[in-house]
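Next come the chains, spelled out residue by residue.
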Amino acid sequence: MRILLFILTLLFATSSYAHEYFFAFAEVEYDEMNGRIEATITVSTHDFEFYLQQEGIIQGDLNKNKSDSVKMLLIENEIIRHFDIKESYTDEDQELKKKLSKMKLEGFETNLNGTVEFYLSSQVYEPLKTIEFTFDILMDQYPKQQNKINFITRDKKQTIDFLQSNKTQFIDIN
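Criteria and cut-off values
- Residues numbered from 1 in each chain as written.
- Predicted model: local features only at pLDDT ≥ 70, side-chain atom pairs only at ≥ 80, totals over all residues.
- Heavy atoms only, no water.
- Pairing = 2+ DSSP bridges.
- Helix = DSSP H or I, 4+ residues; strand = E, 2+ residues; numbered from the N terminus.
- Axes fitted to C-alpha atoms, helices over the stretch in contact; angles between N-to-C directions.
- Phe/Tyr/Trp six-rings, centres within 6.5 Å; stacked < 30°, edge-to-face > 60°.
- Buried < 20%, exposed > 50% of the residue type's maximum accessible area, 1.4 Å probe, protein only.
- Lys NZ or Arg CZ within 6 Å of the ring centre and 35° of its normal.

A.B. asks: Looking at this model, I keep getting lost on the sheet that holds strand S4 (residues 104-110). Mind explaining?
C.D. replies: Sheet strands line up and pair through hydrogen bonds in the backbone, either parallel or antiparallel. What the 6 strands build is an open sheet, ordered S4-S5-S2-S1-S7-S8; its pairing is mixed. Each of the sheet's edge strands pairs with one partner strand only, and the pair in question is S4 and strand S8 (156-162). Geometrically, the sheet is characterised by an average inter-axis angle of 15° between neighbouring strands, direction not taken into account. In this structure, strand S7 (residues 145-153) lies alongside S8, joined through 7 bridges in antiparallel fashion.

A.B. asks: For this particular structure, what's the right way to read the packing of aromatic side chains?
C.D. replies: This structure, assessed with the given rule, holds 7 aromatic pairs. On the basis of an interplanar angle of 80° and a centroid distance of 5.1 Å, the ring pair of Phe-83 and Phe-135 is categorised as edge-to-face. Taken together, the residues span a long stretch of sequence, with Phe-83 in strand S3 (residues 83-87) and Phe-135 in strand S6 (residues 130-135) at a distance of 52 residues. Classification of Phe-83 by relative accessible area gives buried; the value is 0%. By relative accessible area, which is 0% here, Phe-135 ends up buried. Ring plane angle 80° and centroid distance 5.8 Å describe the contact between Phe-135 and Phe-162, whose orientation is recorded as edge-to-face. Here Phe-162 lies in strand S8 and Phe-135 lies in strand S6, a separation of 27 residues in the sequence. According to the relative accessible area criterion, Phe-162 is buried, its value standing at 0%. Across from the ring centre of Phe-108, 4.7 Å away, lies the NZ or CZ of Lys-66, which sits over that ring.

So, in structure tokens, the structure goes:
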């Protein structure tokens, strides 16, 4: 009986702290030769669905909205609002034409492990020097949200961490 009580207590204790921390990951690749940036964002399906439901963007399951072009546009706008990639300009470069087009949601895939992967891409019209990343997806919803980007270019990989106190980071391409 004591063993059963111990197991039940242990299960209750671990389940009550199931969401102490939240994570989202992105892998971003800058292909200079083809003038493209491609990104895959991985986030908890349940947490992101809950967020979208709270915002009134979807009802129910994320997959049920794949064929609704209006809902997909709303989902794309929400992702891009929290995952922003842009050329970082100095004051004297402000008059240069825009080098990076708006990110576009190419699609998404839900996985059996409880995550969803969003695929995004963008055209790059001139070589980039410095990129400014903002990656605060779910940080408004979950105060302990932590995000990470693996940035790949020229066969080099850099990892960037994003916290509540540091939602924007810069990468120097040179």
